[in-house]
Amino acid sequence: MSLAVAFQMDPIESINIDTDSSFMMALEAQKRGHTLYHYHPRDLSLTGNVLTARVREMTVVRRKGAHYTLGEPRIVDLSTMDVVLMRQDPPFDMAYITATHMLEHIQPKVLVLNDPAEVRNAPEKLFVTHFPDLMPPTLITSDKQAVLDFRAQHKDIIVKPLFGNGGAGVFHLKPDDENLGSLLELFTQLYREPVIVQKYLPEIRQGDKRIILIDGEPAGAVSRMPQEGEARANFHAGGSAKKTELTPREQEICKAIGPVLREKGLVFVGIDVIGDYMTEINVTSPTGIQEINRLDGSALEATLWDAIERRHRENKGT
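Residues numbered from 1 in each chain as written. Predicted model: local features only at pLDDT ≥ 70, side-chain atom pairs only at ≥ 80, totals over all residues. Heavy atoms only, no water.

K.L.:
Please clarify how the sheet that holds strand 12 (residues 195-199) should be interpreted in this entry.
P.N.:
Each strand in a sheet pairs with another by means of backbone hydrogen bonds, the pair being arranged parallel or else antiparallel. Within the open sheet, the four strands sit side by side as 9-12-10-11. Their pairing is antiparallel. Looking along the sheet, the strands with just one partner apiece sit at the ends: strand 9 (138-141) and strand 11 (171-173). Averaged over all pairs of adjacent strands, the angle between strand axes in this sheet comes to 25 degrees, irrespective of strand direction. Examined bridge by bridge, strand 10 (residues 157-161) and strand 12 share five bridges and lie antiparallel to one another. Across the sheet, Lys160 pairs through a bridge with Ile196, a residue of strand 12. Strands in contact with helix 6 (residues 180-190) are strand 10, strand 11 and strand 12; relative to strand 10, the strand with the most contacts, it is inclined by about 15 degrees. (Pairing = 2+ DSSP bridges. Helix = DSSP H or I, 4+ residues; strand = E, 2+ residues; numbered from the N terminus. Axes fitted to C-alpha atoms, helices over the stretch in contact; angles between N-to-C directions. Contact = heavy atoms within 4.5 Å.)

K.L.:
Help me understand the nonpolar core, please; the structure alone is not making it clear to me.
P.N.:
Counting residues in each nonpolar core, the largest one holds 43 residues, and the members touching the most others are Leu78, Ile271, Met278 and Ile281. Of the domains in this structure, domain 1 (4-117) and domain 3 (203-305) are the two that each give at least three residues to this core. Sequence-distant contacts of Ile281, that is, excluding residues within four places in its chain, are made with Ala122, Glu124, Phe127, Val128, Phe131, Leu261, Val269, Gly270 and Ile271. (Core = buried A, V, L, I, M, F, W, Y, C linked by side-chain atoms within 4.5 Å. Buried < 20%, exposed > 50% of the residue type's maximum accessible area, 1.4 Å probe, protein only. Domains from an automatic or database assignment.)

K.L.:
Please clarify how the environment of Leu113 should be interpreted in this entry.
P.N.:
Here Leu113 lies in strand 8 (residues 111-113). Measuring from C-alpha to C-alpha, the distance between Leu113 and Val84 comes to 6.4 Å, with 29 residues separating the pair along the chain. Excluding its chain neighbours within four sequence positions, the residues that come into contact with Leu113 are Val84, Leu85, Met86, Gly265, Val267 and Ile308.

K.L.:
Hey, could you run me through the pattern of salt bridges in this one?
P.N.:
For side chains bearing opposite charge, pairing can occur when the charged atoms are close. If you walk through the whole model with that rule in mind, you get 18 salt bridges. Lys243 is the salt-bridge partner of Asp296, the closest N and O atoms lying 2.9 Å from each other. You can see Asp296 sitting in helix 8 (residues 289-296) and its partner Lys243 sitting in the loop between strand 15 (240-242) and helix 7 (248-263), a full 53 residues away along the chain. Sharing partners across several salt bridges, the network here consists of Glu28, Arg32, Asp306 and Glu309. (Salt bridge = Lys/Arg side-chain N within 4 Å of Asp/Glu carboxyl O.)

K.L.:
It is not clear to me how the packing of helix 8 against helix 9 (residues 300-316) should be interpreted in this structure. Could you clarify?
P.N.:
Two numbers describe a pair of packed helices, the interaxial angle and the distance between the axes. At a closest axis distance of 9 Å, the pairing of helix 8 and helix 9 adopts a crossing angle of 125 degrees. On the basis of their axis angle, the class for helix 8 and helix 9 is oblique. Contact with helix 8, carried on its side by Ile289, Ile292 and Asn293, involves Leu300, Glu301 and Leu304 of helix 9 and no other residues of that element. Among the residues making up the contact of helix 8 with helix 9, the classes are represented as four nonpolar, one polar and one charged. (Parallel < 35°, antiparallel > 145°, perpendicular 65-115°, else oblique. Nonpolar A, V, L, I, M, F, W, Y, C, P; charged D, E, K, R; others polar.)

K.L.:
Please clarify how empty space enclosed by the protein should be interpreted in this entry.
P.N.:
The gaps of empty space that remain are located by a probe, the size of a water molecule, rolled over the atoms. Inspection of the entire model under this criterion finds one cavity of 30 Å³ or more. Within this model, the largest cavity holds a volume of roughly 90 Å³. Contributing to the lining of the largest cavity are 13 residues, with Met25, Leu85, Leu113, Asn114 and Phe268 lying nearest its centre. Sorting the residues of the lining of the largest cavity by element identifies strand 7 (83-86) and helix 9 as the ones contributing at least two each. Considered class by class, the residues forming the lining of the largest cavity number 10 nonpolar, two polar and one charged. (1 Å grid on protein atoms, 1.4 Å probe; cavity = no way out; pocket = protein on both sides within 12 Å on 5 of 7 lines; lining within 4 Å. Points joined across faces, edges and corners; volume = space filled by probe spheres on them.)

K.L.:
Looking at this structure, I do not really get the sheet that holds strand 16 (residues 268-274). What am I missing?
P.N.:
Pairing is antiparallel in the open sheet, where five strands are placed in the order 15-14-13-16-17. With partners counted over all chains shown, the strands left at the sheet margins are strand 15 and strand 17 (277-282), one partner each. Strand-to-strand, the axes of this sheet are offset by a mean angle of 30 degrees, without reference to chain direction. Looking at chain direction, strand 16 and strand 17 are connected through five bridges and run antiparallel. If you follow Gly270 over to strand 17, its bridge partner there is Asn282. Against the sheet, helix 8 touches strand 13 (208-214), strand 14 (217-225), strand 15 and strand 16, its axis set at about 90 degrees to strand 14.

K.L.:
I would appreciate a short explanation of the packing of helix 5 (residues 144-154) against helix 6 in the present structure.
P.N.:
Following both chains from N to C, one finds helix 5 and helix 6 inclined at 140 degrees, their axes separated by 11 Å at the closest point. By the angle between their directions, the pair helix 5 and helix 6 is classed as oblique. Remark: the crossing between helix 5 and helix 6 carries right-handed chirality. Across the interface between the two elements, Lys144, Val147, Leu148 and Arg151 of helix 5 pack against Leu180, Gly181 and Leu184 of helix 6. By residue class, the composition of the contact of helix 5 with helix 6 is four nonpolar, one polar and two charged. (Left-handed = near helix turned anticlockwise from the far one by under 90°.)

K.L.:
Quick question: what am I supposed to make of the domain arrangement of the protein chain here?
P.N.:
It is common to report an interface's size as the accessible area lost on association of the parts. One can read the domain layout of the protein chain as domain 1 (4-117), domain 2 (137-200) and domain 3 (203-305). One C-alpha centre belongs to domain 2, the other to domain 3; they are set 24 Å apart.

The structure is reproduced here in structure tokens:
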């Protein structure tokens, strides 16, 4: 069964083929005989309720400096695709949200993953608040006094932008740090949204675990180890990958959230766990496939495409 698969993603020429999960998804889809197309969200057009995109047929190969070829651009009705994969990186801003609204016009005829309406309703740092027993003490607010009271209660805290990604703008503030007021003023100037404040978890020194769930089931995990003197373990912030296995608590977390993810059509999800707590649920453009594959000798992209093809068959009623 050959499928027409459109990747809505960032420019293909700028990706790192050694770390990018979308690249692995494209390689596996191509291996299975699917026809690939590439377009950027800015290439979308909605005329009435007809959604089109300026796409290019794409082939990929694991060859640095020459990892892709693109055909000539042409405008296609996206409802003629079998699968559309929403894989552009955040920021989760109004442009991102607008793209989710536009993609809803081709559902359910086309399988769009992750489900755009559910992506829109599940920002990483907000979605996790629906599982209060699984998350650390957390405050989301624009109220400076509320933040001060939270620090007075929890001492060490993490302050970060609500819609940030990749570890950008994450600050660890100790009880005697005098920069909290200035930091909140800066955040107010840079962002219109509230900030998110969490109790600092010292277990971060043992790693921030990224767990990949595919159609609600844990498929693999990697510990992201922070550099010396760094409070962030994100790979974008210089964190290193370390082989790991799921603890009983992490299995409990996955079991609790898995059915919800499956029901919402969130097929490819990456959760972040520090110690006994889940800190984020990443549904926009999760990463980690290549790091887990290298450490575990696995092929998560194959598991993922098994799930996508199964979803496509169910979507078509076959």
